[in-house]
Amino acid sequence: MNYQLSFTQIWRHFDKLSYGVLLSIELAVIAILIGAVIGLTLAVIYVSSGRVVRAFISAYVEFIRNVPLLLLVYLVFYGLPTVVNIAYDASTSFIVTLSVYAGAYLVEVFRSGLDAVPKGLLDAGKAMGLTPWQRLLHVRLPTMTRITLPALSNTFISLFKDTSIASVIAVPELTFGAQWINNRTFRIVEVYAVTTVIYLVAGYLILFGLRMLERRFRVER
Amino acid sequence: MSAIPLLKISRLTKSFGTNQVLKSVDLEVTAGEVVTVIGPSGGGKTTLLRCVNFLEAYDGGSIKIDGREVGYTDNAGGKKRGEVDLAAMRAETGMVFQSFNLFPHLNAEQNVMLGLRQVRKKPHKEALEIARHWLDRVGLSHKTGSLPSELSGGQQQRVGIARAVAMDPKILLLDEITSALDPELVNEVLDVVRQLASDGMTMLIVTHEIAFARDASHRIVFVADGSVSAQGKPDELMAEVANNERLRSFLSRFSATAH
Ligand SMILES: Nc1ncnc2c1ncn2[C@@H]1O[C@H](COP(=O)(O)OP(=O)(O)OP(=O)(O)O)[C@@H](O)[C@H]1O
Ligand SMILES: [Mg+2]
C-alpha cells in the first residue's frame, strides 16, 4: 500500500472543523445546563416524594436509558413535528433531545449523590433547627455537589462526545464537518485523525475545567 | 431541689419495629443541672437522647421542655408538629454527636454561623462575632478558617460543641462525644464540657467515661434495658451498687480496666 498522507486539504477546510468543535461545545454546554436543571429538580423531587411520583421519574429515566440516542434524535427531529405542529431547526431539535437525554442520566447522578449524603449531617442540620428546605439548601445540596463532581465530570464528557450524533440530522458540528471534508477530499484517514485529536483536546479541556471547579468547591463553601 | 424541671420525661416508650427500646423512662432535668446517663451498650441511651430533640419520634409517654410537649402538638403518637414548628422547637436544644457531624464544606467559623444566620436570623457581623467568641472559648481561635478535614478529632468535636452552644440552647444533649477520639484527645474535649458545666449550662450527657460522670455531674442516671434502673448524686449512685445487680456488673467492667 502506498497511501501518501497529506494534510493540506484538511487545513484548507479547517474552518469546518473549528466551527464544528465550537458548535459541539455549545450544544453540549446548553444541553448539560438544561439537563442539569431537569436532573437536579427531578432528583430532589424523587428523594422527597412517595412511590407514585418516584415511579414516574424512574419511568422517564428507564425509557431514556434503554433507547439509543440516535433513535431519540430521529424521533424528535422527524417524528415529533409530524405528530404535533411544531417546526424547529436541526440544532434546536438536537438540543432538546440531548437535554432530555442528559436529564435522565443526571437524575441518577444527583439522586445517588443526595442519597450518599451522610445521615449524621442531616441530623446535625435538624438538631440545630434548620427547616427541611434549609437542610436541602445548606447541607444536602452542597455536600452532594462534592460527592457527585467526579461522576458529573464523566457524564459531561460523555455528553460532549454524544454531540457527534447530531451529524445525522446535518447539524454542522465537529463530526459533520469531518464528514463534509471527507466527502470532498476523500482524505479519510487524515480528516478523522485530526478530528479525533480535536475531540481529545476539547474533552481534556472540559475535564481540566471541571477539575478546577472541583478544587474550588473543596476550598470555598 | 424544688425548681420546676426544664426537661420532664415521663413514662417514655419507643420501639423500633417489634424491638421495644425504651420501656418507660422517667427523667427530669432542672435548669443548670448536669445529668449524665450511663449504661450498657444497646440499653437505649442514644435513643433516649434522640427523642428529646425529636430526631426519633417516640410512641408513648411524654417529653416536655419548659412545659411544652416535644414533637407532638398534644400527645405522643398523636398529631406531629409541622416541620417549621419542629425546627423552631429543635433550635431550643443543642446536640453534639459522637461522630462530630460537622458540615464538610464549611470551615469552623461557618459551621458555627450556619444556625445563627439561618435559624436565629442574626446579621452576618453579629453571627461572626458569636462564632468567633465560642471558637475562642473552646480554644480554637487560631482555627476559625479551617475546614473540618483540616482539624484533628478533638478539634472537630470542639467545633461541634461551639456550634451547639452558640445557638444559646436551653439544654445541651451530648452523646458519647469522646468515644470516637484517640485517648490523648479525650481530655481537651471533656475540659470544655467541664467549663460549660461550671458556667451553668444545662446538660444531658451520655458517656462511657465513668470518672468524668462522677466528677462533672450533679446526677448520674443508670439506664439499662430501656428504663432508668438507678439514679442519684454520684456518691448516692455508687452506694446503690450494693442493691443493684445490673449496676454492679456494669460498673465492675470499668473498675476492672480503670486504675
Ligand atoms: N434506627 C434504628 N432502627 C432500629 N433499631 C434501632 C435504631 N436505633 C437503635 N436501635 C436499636 O435500639 C437499641 C438501643 O440502641 P441505642 O443506640 O439507643 O443504645 P445505646 O444505649 O445508645 O448503646 P451504645 O452504648 O452502644 O451507644 C439497640 O438494640 C439498637 O439496635
Ligand atoms: Mg449510643
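Caption draft 1: Focus on the sheet that holds strand β2 (residues 19–30) of chain B. Residues and elements named next belong to chain B. Ordered in space as β2-β1-β4-β5, the four strands form an open sheet in which the pairing is antiparallel. Looking along the sheet, the strands with just one partner apiece sit at the ends: β2 and β5 (68–69). The sheet strands contacting helix α1 (residues 45–52) are β1 (5–16), β2 and β4 (60–65), and the helix crosses β1 at an angle near 120 degrees.

Caption draft 2: How the structure looks around the packing of helix α4 (residues 69–83) of chain A against helix α5 (residues 90–115) of chain A. Residue and element names in this part refer to chain A. Contact geometry of α4 with α5 gives a least axis separation of 9 Å together with a crossing angle of 130 degrees. With respect to their mutual orientation, α4 and α5 come out oblique. The interaxial crossing formed by α4 with α5 has right-handed handedness. Seen from α4, the contacting residues are Leu 69, Leu 72, Val 73, Val 76 and Phe 77; seen from α5, they are Ala 90, Ser 93, Phe 94, Val 96, Thr 97, Leu 98 and Tyr 101. Residue composition of the contact of α4 with α5, grouped by class: 10 nonpolar, two polar and no charged.

Caption draft 3: Looking closely at the interface of chain B and chain A. Between chain B and chain A, the residue contacts involve 26 residues of the former and 24 residues of the latter. Taking both partners together, chain B and chain A bury about 2000 Å²; carbon and sulfur atoms supply 64% of that area. Joining chain B to chain A, the criterion identifies one salt bridge. The partner of B:Arg50 in a salt bridge is A:Asp123, and the shortest N-O contact between them spans 3.0 Å.

Caption draft 4: Structural detail: the pairing of strand β3 (residues 34–38) of chain B. Residues and elements named next belong to chain B. Across the five residues of β3, five count as buried, placing the element largely inside the fold. In this structure, β3 lies alongside strand β8 (residues 203–206), joined through four bridges in parallel fashion. By the bridge assignment for β8, Val 34 is matched with Met 203. Across four bridges, the pairing between β3 and strand β9 (residues 219–224) is parallel. Within β9, the position partnered with Thr 36 by the bridge is Ile 220.

Caption draft 5: Focus on unusual backbone geometry. Of note in the backbone geometry, A:Phe186 takes a positive phi value of approximately 55 degrees without being a glycine. Examined against the element boundaries, A:Phe186 turns out to sit in the loop between α8 (174–185) and α9 (188–219). Classification of A:Phe186 as exposed rests on a relative accessible area of 63%. Its identity is not glycine, yet B:Asn101 carries a phi of approximately 55 degrees, on the positive side. Owing to a relative accessible area of 11%, B:Asn101 belongs among the buried residues under this scheme.

Caption draft 6: Inspection of the sheet that holds strand β10 (residues 227–232) of chain B at higher detail. Residues and elements named next belong to chain B. Overall, mixed pairing links the six strands, which are arranged β6-β7-β8-β3-β9-β10 in an open sheet. Of all the strands in the sheet, just β6 (93–96) and β10 have a single pairing partner and so form its edges. In this sheet, adjacent strand axes meet at a mean angle of 20 degrees when their direction is disregarded. Inspection of the sheet shows strand β7 (residues 171–175) paired to β8 by four bridges, in the parallel sense. Among the inter-strand pairings, Asp 175 is bridged to a residue of β8, identified as Val 206. Against the sheet, helix α5 (residues 153–165) makes contact with β6 and β7, and its axis sits at roughly 175 degrees relative to β6, the strand it touches most.

Caption draft 7: Quick look at the site of ligand 1. Residue and element names in this part refer to chain B. If you check the shell around ligand 1, you find 13 residues, and the closest are Ser 41, Gly 42, Lys 45, Thr 46 and Thr 47. The contact in question runs from an oxygen atom of ligand 1 to an N or O atom on the side chain of Ser 41, over 2.6 Å. Between ligand 1 and Gly 44 there is a distance of 2.9 Å, counted from an oxygen atom to a backbone nitrogen or oxygen. Relative to its unbound accessible area of 630 Å², ligand 1 is 60% covered by the protein chains. Broken down by secondary-structure element, the contributors of at least two residues to the shell around ligand 1 are β2 and α1. Per-element accounting of the shell around ligand 1 gives the leading share, three residues, to α1. Among the residues making up the shell around ligand 1, the classes are represented as three nonpolar, eight polar and two charged.

Parameters at a glance
- Residues numbered from 1 in each chain as written.
- Chains lettered and ligands numbered in written order.
- Predicted model: local features only at pLDDT ≥ 70, side-chain atom pairs only at ≥ 80, totals over all residues.
- Heavy atoms only, no water.
- Pairing = 2+ DSSP bridges.
- Helix = DSSP H or I, 4+ residues; strand = E, 2+ residues; numbered from the N terminus.
- Contact = heavy atoms within 4.5 Å.
- Axes fitted to C-alpha atoms, helices over the stretch in contact; angles between N-to-C directions.
- Parallel < 35°, antiparallel > 145°, perpendicular 65-115°, else oblique.
- Left-handed = near helix turned anticlockwise from the far one by under 90°.
- Nonpolar A, V, L, I, M, F, W, Y, C, P; charged D, E, K, R; others polar.
- Buried area = accessible area lost by both parts, 1.4 Å probe.
- Salt bridge = Lys/Arg side-chain N within 4 Å of Asp/Glu carboxyl O.
- Buried < 20%, exposed > 50% of the residue type's maximum accessible area, 1.4 Å probe, protein only.
- Near = heavy atom within 4 Å.
- Polar contact = N/O pair within 3.5 Å; in protein donor to acceptor, adjacent residues only side chain to side chain.
- Areas by Shrake-Rupley, 256 points an atom, 1.4 Å probe, with all protein chains shown as cover.

That is the geometry; function is a separate question.
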